[in-house]
2 protein chains.
Amino acid sequence: MTTCVVGAGAIGSLYAAHLSRVGESCVLTRRPEHAAALNGDGLRVTGRHEFAAPVTAGTDPGDLPAPELVIVATKATGLESAASTLAGHWPDALVMTIQNGLGAEDIVRRHGDWKLVSAVTFMSGTKHSDTHVEYILDTETWVGPWENTPYARVEEIAALFVESGLEAEALPDLRPAQWSKLIFNATVNSVAALTGLPHDSHFAAEEEPADLGRLVHALVDEGKSVAVAAGIELHDDPWEMNVLATRRGSAHYPSMLEDVVARRATEVELITGAVVREAEKHGVEAPLHTALYGLVKAKEASYMALAGSE
Amino acid sequence: MTTCVVGAGAIGSLYAAHLSRVGESCVLTRRPEHAAALNGDGLRVTGRHEFAAPVTAGTDPGDLPAPELVIVATKATGLESAASTLAGHWPDALVMTIQNGLGAEDIVRRHGDWKLVSAVTFMSGTKHSDTHVEYILDTETWVGPWENTPYARVEEIAALFVESGLEAEALPDLRPAQWSKLIFNATVNSVAALTGLPHDSHFAAEEEPADLGRLVHALVDEGKSVAVAAGIELHDDPWEMNVLATRRGSAHYPSMLEDVVARRATEVELITGAVVREAEKHGVEAPLHTALYGLVKAKEASYMALAGSE
């Protein structure tokens, strides 16, 4: 199967490299030098897997072979721009979103009539250069249908991922998994962004009244009450996801913390913003997530010249 | 009247300099070179007032003349150590506390039987060197009795401050003013510490759902409900204090923000911690202040090597 990854950060690079083992793997990049490096050197994977992967890269969809599957792997903050680049191209392709938060599918939909596939991924990697990615957590990607996409197509994609060496599972309804990750991310990412702490044992400590785990637990509980109001039965308990992740050894730096350290826009709008909007839509209170949403937005405003701009 | 200021930061230096105009003004410092500089050069005040003030300084209470009034002007984080230095000295002196938050009087009380005076001050200054302080906001110091201190003594102190050129007022019960400042500080200081924003117009903006002023207002309202539960009728509305302060022109950098930027311990324990403890004591909920308390403590933990130590 011919595939095309849009946005080759750490996650996108991991998909593109693995998919080269089961078909022609293309990469749509923003920077011409990124595409040139990939065409020249291919992708090198180290860490959990070690191999070299040939890929075909370009900055214009018109220069690439038409793929059957497009994986939009940009950050949430780059999604609008990536989707607009795809507009008018590859009408028969399946387009898969893997962004954090909620609402990525709707953003892509505004730019074309592709059949859509939702995904959430728990794998992680570190991009050492444009052509070298380290595979750190070889955890699953969960895929599910969006709107009228036949479930058989979703199962086909999950099978393709597994054949390529990645962990994957098809789910008839992705929302329970998406919401589990949403609540986990809204909690862990915003607390990390505000405190400067990586996702370490503080997040699970609940013994003393001032222990951070108590706030984390309260945020998770509040998120779960929003899920209940939205009629979602969670796939995993976000508190258990949190506790497990903090026991993994080396502490992970959540992306929102990386963003505020680098003084970039964060994904807060699609993550914590989604929890706040869902709470409002379903008539439940979410005062803690609302507070953290306001604080992270204000933190962005403290370093971004045009805080009000998109 | 002989007076002694303990801890000559910006506020302590402003008291010591002004009080030299109405009696012998002594300063107890921690650093010997600080005392030597003050003995050699005196204090220079610029800004709202411009004058030079002779002071007598030392690092040991035993080396200084016995004062009638001691003003403990350290930050809340230095109070325990300052009070222990005074233990066993000057039993006839009045000791005045001006720390942010609640509980300073109790800390001093544990080290001696002095008659105590409570104070809150709204003046501000910038210390340019050990012997030069700029007087920026010439706002009032409010003083009140603590335990069985006769109110006449409090009025005497307020009159002394006014005679020295400072703004001051005696209040039979200081708690309404102390709580107004407590709620203001718990809100503004912790939001500033977490977001990196100085106390600017963001804190008063309430138009859009994500505007920071909405969170600030909710924090103030929660603080006011704690005050009601504690039986305190506030002297000033902390929300109005907030709005007024943001209109002052140049944005103020709250001390907790300065502390986290300099990676020092903050006063969160005596400020936000006091709100949280009072809420618990009086059986009301304070989820937002509790959240901010946990976040600021976690932020301290992110940069302090021995986060658990005192």
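Because the structure is a prediction, the values reported are computed rather than measured.

Novice: Help me understand unusual backbone geometry, please; the structure alone is not making it clear to me.
Specialist: All names here are of chain A. Residue Glu 147 is not a glycine yet carries a positive backbone phi of 55 degrees. Examined against the element boundaries, Glu 147 turns out to sit in the loop between β11 (141-145) and α5 (151-164). Exposure remark for Glu 147: the relative accessible area of 53% places this residue in the exposed category.

Novice: What is the right way to look at the interface of chain B and chain A in this model?
Specialist: Often the size quoted for an interface is simply the accessible area lost on bringing the parts together. Facing 21 residues of chain B, the contacting portion of chain A comprises 21 residues. Buried surface at the junction of chain B and chain A, both sides included, amounts to about 1,700 Å², of which 77% is carbon and sulfur. It is Thr195(B), Ala210(B) and Leu295(B) in chain B that bury the most area against chain A; as a group they hold 28% of the surface buried on that side. If you look at where chain B meets chain A, you find zero salt bridges. Run the count over chain B and chain A and you get four residue pairs in polar contact (both at pLDDT 80 or more). Contributing elements (two or more residues each) for the side of chain B that touches chain A: α6 (175-195), α7 (212-229) and α11 (287-303) of chain B. It is α11(B) that provides the largest number of residues to the side of chain B that touches chain A, a total of twelve residues.

Novice: Just checking my understanding: could you explain helix α3 (residues 79-86) of chain A for this structure?
Specialist: Residues spaced three or four apart along an α-helix point in a common direction, a consequence of the helix completing one turn every 3.6 residues. All names here are of chain A. Here α3 has its buried residues at Leu 79, Ala 82, Ala 83 and Leu 86. Along the long axis of α3, the arc covered by the buried residues comes to 95 degrees, so they all point the same way. In the core, the buried residues of α3 are packed alongside β1 (3-6), β2 (25-28), β6 (69-72) and α4 (104-109). Positive phi appears at Gly 88, one or two residues downstream of α3, with a value of about 85 degrees.

Novice: Help me understand the nonpolar core, please; the structure alone is not making it clear to me.
Specialist: The nonpolar side chains of a soluble globular protein tend to be buried, and buried together. Within the largest apolar cluster, 88 residues are counted, with the highest numbers of intra-cluster contacts made by Trp179(A), Leu212(A), Leu295(A), Trp179(B), Leu212(B) and Leu295(B). Those residues in contact with Trp179(A) that lie beyond four places of it in its chain are Leu102(A), Val226(A), Ala227(A), Ala230(A), Ile232(A), Leu234(A) and Glu278(A).

Novice: When you look at the pattern of salt bridges in this model, what are you seeing that I'm missing?
Specialist: When the charged atoms of two side chains with opposite charge come close together, those side chains can pair. All names here are of chain A. Considering all chains together, one arrives at 28 salt bridges over all chains under this definition. The shortest N-O distance in the salt bridge between Arg 31 and Asp 130 comes to 2.9 Å. Note that Arg 31 is positioned in the loop between β2 and α2 (32-41) and Asp 130 in the loop between β9 (124-129) and β10 (132-137), a separation of 99 residues in sequence. Here the residues in one salt-bridge network are Arg 31, Glu 33, Lys 127 and Asp 130, joined through shared partners.

Novice: In this structure, what is going on with the pairing of β11(A)? I would like to understand it.
Specialist: Regular strands show a simple pattern: their side chains alternate between the two faces of the sheet. Residues and elements named next belong to chain A. Burial of β11 is extensive: five of the five residues sit out of reach of the surface. The alternating pattern of β11 places Thr 141, Val 143 and Pro 145 on one face and Trp 142 and Gly 144 on the opposite face, and all of these are buried. Direction of pairing for strand β8 (residues 115-121) relative to β11: antiparallel, over a ladder of five bridges. Paired with Val 120 across the two strands is Trp 142, which belongs to β11. Regarding the hand of the β-α-β motif, the stretch spanning β11, α5 and strand β12 (residues 168-170) is right-handed.

Novice: Can you help me understand the sheet that holds strand β7 (residues 94-97) of chain B in this one?
Specialist: Backbone hydrogen bonds hold the strands of a sheet together, and the pairing may be parallel or antiparallel. All names here are of chain B. On the basis of which strands lie adjacent, the open sheet formed by eight strands has the order β5-β2-β1-β6-β7-β8-β11-β12 and mixed pairing. The open sheet is flanked by β5 (56-58) and β12 (168-170), the only strands paired with a single partner. Sheet twist, expressed as the average angle between the axes of neighbouring strands with direction ignored, equals 25 degrees. In this sheet, β12 lies alongside strand β11 (residues 141-145) in parallel orientation, the contact comprising three bridges. Pairing of Thr 141 across the sheet is with Ala 168, part of β12.

Novice: Where do I start with the relation of the copies chain B and chain A in this structure?
Specialist: Taken together, a rotation about one axis and a shift along it account for how the two chain copies relate. For the match of chain B to chain A, the screw axis carries a shift of 0.0 Å, the RMSD comes to 0.1 Å, and the turn is 179 degrees. One copy is carried onto the other by what is essentially a two-fold rotation axis. Relative to the rotation axis, the C-alpha of Leu194(B) is the closest in chain B, positioned 2.8 Å from it. Most of the interface of chain B is mirrored in chain A, where 100% of its interface residues are also at the interface.

Novice: What am I meant to see in the packing of helix α6 (residues 175-195) of chain A against helix α7 (residues 212-229) of chain A here?
Specialist: Think of two packed helices as two axes; the pair is described by the angle between the axes and how far apart they sit. Residues and elements named next belong to chain A. Interaxial distance between α6 and α7 falls to 10 Å at its minimum, and their mutual angle equals 145 degrees. Read as a crossing pair, α6 and α7 show a hand that is right-handed. Contacts between α6 and α7 involve Trp 179, Ile 183, Thr 187 and Val 191 on the former and, on the latter, Leu 212, Val 216, Leu 219, Val 220, Gly 223, Lys 224, Val 226 and Ala 227. A per-class count over the contact of α6 with α7 returns nine nonpolar, two polar and one charged.

Novice: Help me out: how do you make sense of the confidence of the model for chain A in this one?
Specialist: Detailed reading of the predicted coordinates is not advisable wherever pLDDT falls low. A residue-level look at chain A finds 98% of positions with pLDDT of 70 or above and a mean pLDDT of 94. Across the interfaces of the predicted complex, the ipTM metric reaches 0.82, alongside a pTM of 0.85.

Novice: Help me understand the packing of aromatic side chains in this model?
Specialist: Describing an aromatic ring pair means giving the distance of the ring centres and the angle of the ring planes. Across all of its chains, the model carries four aromatic pairs over all chains by this definition. A ring pair is formed by Tyr15(A) and Phe161(A), whose centres lie 5.3 Å apart and whose planes are at 35 degrees; its orientation type is tilted. Of this pair, Tyr15(A) sits in helix α1 (residues 10-19) while Phe161(A) sits in helix α5, placing them 146 residues apart in sequence. Of the two residues examined, Tyr15(A) and Phe161(A), each falls in the buried class. Over the face of the ring belonging to Phe51(A) we find Arg21(A), whose NZ or CZ atom lies 3.8 Å from the ring centre. One cation-aromatic arrangement involves Lys181(B) over Phe122(B); the distance from NZ or CZ to the ring centre is 5.3 Å.

Novice: What exactly am I supposed to notice about the packing of helix α10 (residues 272-281) of chain B against α11(B) here?
Specialist: Residues and elements named next belong to chain B. Running from N to C, α10 and α11 point in directions that differ by 140 degrees, and their axes come no closer than 9 Å. Between α10 and α11, the angle is such that the two are oblique. For α10 against α11, the interelement crossing comes out left-handed. In this structure, α10 contributes Thr 272, Gly 273, Val 275, Val 276 and Arg 277 to the contact, and α11 contributes His 289, Thr 290 and Tyr 293. Each residue belonging to the contact of α10 with α11 can be placed in one class, and the counts come to three nonpolar, four polar and one charged.

Reading the values: rules and limits
Residues numbered from 1 in each chain as written. Chains lettered and ligands numbered in written order. Predicted model: local features only at pLDDT ≥ 70, side-chain atom pairs only at ≥ 80, totals over all residues. Heavy atoms only, no water. Helix = DSSP H or I, 4+ residues; strand = E, 2+ residues; numbered from the N terminus. Buried < 20%, exposed > 50% of the residue type's maximum accessible area, 1.4 Å probe, protein only. Contact = heavy atoms within 4.5 Å. Buried area = accessible area lost by both parts, 1.4 Å probe. Salt bridge = Lys/Arg side-chain N within 4 Å of Asp/Glu carboxyl O. Polar contact = N/O pair within 3.5 Å; in protein donor to acceptor, adjacent residues only side chain to side chain. Arc of directions from axis to C-beta. Core = buried A, V, L, I, M, F, W, Y, C linked by side-chain atoms within 4.5 Å. Pairing = 2+ DSSP bridges. Right-handed = clockwise from strand over helix to strand, strands pointing away. Axes fitted to C-alpha atoms, helices over the stretch in contact; angles between N-to-C directions. Least-squares fit on C-alpha atoms with pLDDT ≥ 70 in both. Left-handed = near helix turned anticlockwise from the far one by under 90°. Nonpolar A, V, L, I, M, F, W, Y, C, P; charged D, E, K, R; others polar. pLDDT = per-residue confidence, 0-100. Phe/Tyr/Trp six-rings, centres within 6.5 Å; stacked < 30°, edge-to-face > 60°. Lys NZ or Arg CZ within 6 Å of the ring centre and 35° of its normal. Parallel < 35°, antiparallel > 145°, perpendicular 65-115°, else oblique.

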